[in-house]
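Structure assessment
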Amino acid sequence: MNTPKIVVLLSFAAALVSSLSAVDARPNILWIFTDDHSYQTIGAYGGRLKDITPTPNLDRLAAEGMRFDRCYVENSICAPSRAALLTGKLSHKHGKIDNKVPFNHDQQQFQKVLQTVGYQTAMVGKIHLNGKMQGFDYWEVLKGQGQYENPTFFSDEGAKSYEGYTTDIITDQALKWLDGKRDTSKPFMLMVHHKAPHRAWIPKREHIDMFEDVTIPEPDTLFDDYSTRGVAAHEQDLSIDKSMNLHRDLKLNWELFATGKNPSEHHRRIQKSLDDRFDKRREEFKRLNPQGKDLVRHKYQTYLKDYLRCIHSVDENIGRLLDYLEESGLAENTIVMYASDQGFYMGEHGWFDKRFMYEESFRTPFIVKWPGTVKAGSVNKDLVQNIDFAETFLDIAGAEIPADMQGRSVVPLLKGKTPKDWRESLYYHYYEYPGAHSVRRHEGVAGKRFKLIRFYGPDVPNGEEWELYDLKNDPSELNNLYENPEYTKRIKKMKAELDRLKVQYDVKDA
Ligand code: SGN
Ligand code: CA
């Protein structure tokens, strides 16, 4: 071989080596998000349901990663939580203060920044922010709440319908993108957003007999009388007793539901998915004919079982994604994160749904597996909030964090090093009143131990009502201490902290 040829070959080899070493080594992120999944129904979180909870794959994720025990939302309801996820801002700043007002898609969102630093971005499933998604190389989302069966998805190409159970289909679409459609030269951010386990908790036909012979333990507060609390807890419309209906929530008489006044398109679609899978329970209900407290208990059992069946589907599908990462060799360089848009009442205080700043709905599960960085089986107890997610993604990608984002990256926490100046308190604000479930507007401040809540508005006596809880001595929040003179100093301090947070986050007075 003559000299020029060797030179050409050598320089070709050098170029090859340098292009190989330039392969982007930044980690991929697989973000799995559910709608209304309570931490109480994840085995890894312990609690009264831990032996019944069908979450082996989530438990495996926690065993291999970090479980966050004090992750909270800023506004415990769907669309605002999703807007906070994308923007890294509190509701009053991203503008989506409730499920009704429109979301401004033109605003800053983390995925737009990720694209500029070379990530491929994808989203599939429920987002509940109507309009065209921006900043995603691939997106295929349900409209509004979506359907449990035979869903219609929307994308840049318009509407497309699929046959089957939505939890499975969302995963199918995610896998199709991962395995064939993405640009493998770039790291990816894939967001897999389930509709489940949202009301009306419709299980997959194949799972309808799960837990048939199990009695689900009841919470101590199933028959809470709210004796120390104000109007908000007394006059809500989310109790199993009064607000959970037999026909649709318990699926005892769908026909009745369908003939209701002005059934919405969403409800009509649910009705269409009717089949005989609930026949057996109708017979059983007729036979038992429960009344009074027995009826509440019966509703509780039926509700919890359907909910857990929906979770079983979610967990199975998480297993499929984790298996794919292993088989494809992606697992080692892919961070897997799991969270829900908020928590949910599993009968605590006699309730279902969310919205309140009380723990079950304020808190949300958050689990992160990051091979080589997160210590397997670790637990974090710092105060984390859903406004931190966006900055965390950007930090992982090495992107600059927009100055107007209001959270903080949890990457140091994932590395086991909590910064000295990590937050000591959280700000919360719920706006959707008047509205579904009739939860009064409220804002509040939560530290690690004490929580101060201010309910306000025209349907609150004298315009505002305060509640104070000591989570250490009263984890179920049954004992409102606001009128107790021993806490005067504590209340003063917490009000000052609330004011400080409102200045920090630029909250105009509610
Ligand atoms: C629907 C549900 C409510 C639920 C809201 C908001 N009713 O209106 O129970 O609180 O969605 O949920 S239903 O009869 O239509 O199921 S959210 O998760 O989207 O905020
Ligand atoms: Ca939700």
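Residues numbered from 1 in each chain as written. Chains lettered and ligands numbered in written order. Predicted model: local features only at pLDDT ≥ 70, side-chain atom pairs only at ≥ 80, totals over all residues. Heavy atoms only, no water.

Describing the overall build of the protein chain
Counting secondary structure elements, the protein chain contains 15 helices and 16 strands. For the protein chain, whose C-alpha radius of gyration is 24 Å, the value lies close to the compact-globule estimate of 24 Å for 510 residues. Once the C-alpha set of the protein chain is aligned to its principal axes, its extents read approximately 95 × 60 × 40 Å. Looking at the protein chain as a whole, 60% of its 510 residues qualify as buried. When contacts within the protein chain are restricted to residue pairs at least 6 apart in sequence, long-range pairs at least 24 apart make up 69% of them. Accessible area for the protein chain stands at about 21200 Å²; split by element, carbon and sulfur atoms hold 51% of it. Positive and negative side-chain charges in the protein chain, numbering 71 and 75 respectively, have mean positions lying 2 Å apart. (Helix = DSSP H or I, 4+ residues; strand = E, 2+ residues; numbered from the N terminus. Rg over C-alpha atoms; globule rule 2.2 N^0.38 Å. Buried < 20%, exposed > 50% of the residue type's maximum accessible area, 1.4 Å probe, protein only. Contact = heavy atoms within 4.5 Å. Areas by Shrake-Rupley, 256 points an atom, 1.4 Å probe, with all protein chains shown as cover. Lys, Arg positive; Asp, Glu negative; His and termini not counted. Charge placed at Lys NZ, Arg CZ, Asp CG, Glu CD.)

So, helix α11 (residues 292–328)
If you check α11, its first and last C-alpha atoms are 55 Å apart, about what 37 residues at 1.5 Å a residue would give, namely 54 Å. Most of α11 is tucked away: 26 of the 37 residues are buried. (Expected span 1.5 Å × (residues − 1).)

What about the site of ligand 1?
The immediate surroundings of ligand 1 are formed by 18 residues, with Gln 145, Arg 248, Asp 353, Arg 355 and His 437 found nearest. Separating an oxygen atom of ligand 1 from a side-chain N or O atom of Arg 199 is a distance of 2.9 Å. In this structure, an oxygen atom belonging to ligand 1 sits 2.6 Å away from a side-chain N or O atom of His 437. Contact with the protein chains removes 88% of the 460 Å² of surface that ligand 1 exposes when unbound. Tallied by class, residues from the shell around ligand 1 come to two nonpolar, eight polar and eight charged. (Near = heavy atom within 4 Å. Polar contact = N/O pair within 3.5 Å; in protein donor to acceptor, adjacent residues only side chain to side chain. Nonpolar A, V, L, I, M, F, W, Y, C, P; charged D, E, K, R; others polar.)

Notes on the packing of helix α3 (residues 78–87) against helix α13 (residues 389–397)
Contact pair α3 / α13: the axes reach a minimum separation of 6 Å and the direction vectors enclose 25°. Between α3 and α13, the angle falls in the class roughly parallel. Taken as a pair, α3 and α13 cross one another with a handedness that is right-handed. Here α3 contributes Leu 85, Leu 86 and Thr 87 to the contact with α13, which in turn contributes Phe 389, Ala 390 and Phe 393. Taken together, the residues that form the contact of α3 with α13 break down as five nonpolar, one polar and no charged. (Axes fitted to C-alpha atoms, helices over the stretch in contact; angles between N-to-C directions. Parallel < 35°, antiparallel > 145°, perpendicular 65-115°, else oblique. Left-handed = near helix turned anticlockwise from the far one by under 90°.)

Some details on the UniProt feature "domain: N-sulphoglucosamine sulphohydrolase C-terminal" (unreviewed entry) in the protein chain
Feature annotation in UniProt places "domain: N-sulphoglucosamine sulphohydrolase C-terminal" (unreviewed entry) on residues 347–503, given in this structure's numbering. Across residues 347–503 one finds 21% helix and 21% strand; the C-alpha atoms that close the span lie 36 Å apart. (UniProt positions renumbered as here; feature names shortened; annotations may be inferred.)

As for the confidence of the model for the protein chain
In this model, the protein chain carries a mean pLDDT of 93, and residues with pLDDT of at least 70 account for 91%. Contacts from residues 14–21, a stretch scored under 50 in pLDDT, to residues over four places away or in other chains number zero contacts. (pLDDT = per-residue confidence, 0-100.)

Observations regarding the sheet that holds strand β13 (residues 426–430)
On the basis of which strands lie adjacent, the open sheet formed by four strands has the order β13-β14-β15-β16 and antiparallel pairing. Of all the strands in the sheet, just β13 and β16 (464–470) have a single pairing partner and so form its edges. Strand-to-strand, the axes of this sheet are offset by a mean angle of 15°, without reference to chain direction. Bridge analysis of β13 against strand β14 (residues 442–446) gives five bridges, and the strand direction is antiparallel. Paired with His 429 across the strands is Glu 443, a residue of β14. (Pairing = 2+ DSSP bridges.)

A closer look at the coordination of the calcium ion (ligand 2)
Around the calcium ion (ligand 2), the protein supplies Asp 35 (OD), Asp 36 (OD), Asp 341 (OD), Asp 341 (OD) and Gln 342 (OE1) as donor atoms, at distances of 2.2 to 2.9 Å. Taken together, the six donor atoms coordinating the calcium ion (ligand 2) span angles of 49 to 174° at the metal, a pattern that classifies the geometry as irregular. Along the chain, the residues donating to the calcium ion (ligand 2) are arranged with the sequence spacing D-D-x304-D-Q. On the criterion of sequence distance, the pair formed by Asp 36 in the loop between β1 (28–34) and α2 (56–64) and Gln 342 in the loop between β9 (334–340) and α12 (359–362) is long-range, its members being 306 residues apart. Asp 36 sits in the buried class, given a relative accessible area of 1%. (Donors = N, O, S within 2.8 Å, 3.2 Å for Na, K, Ca; no water. Tetrahedral: all angles 85-135°; square planar, octahedral: opposite > 155°, others 65-115°.)

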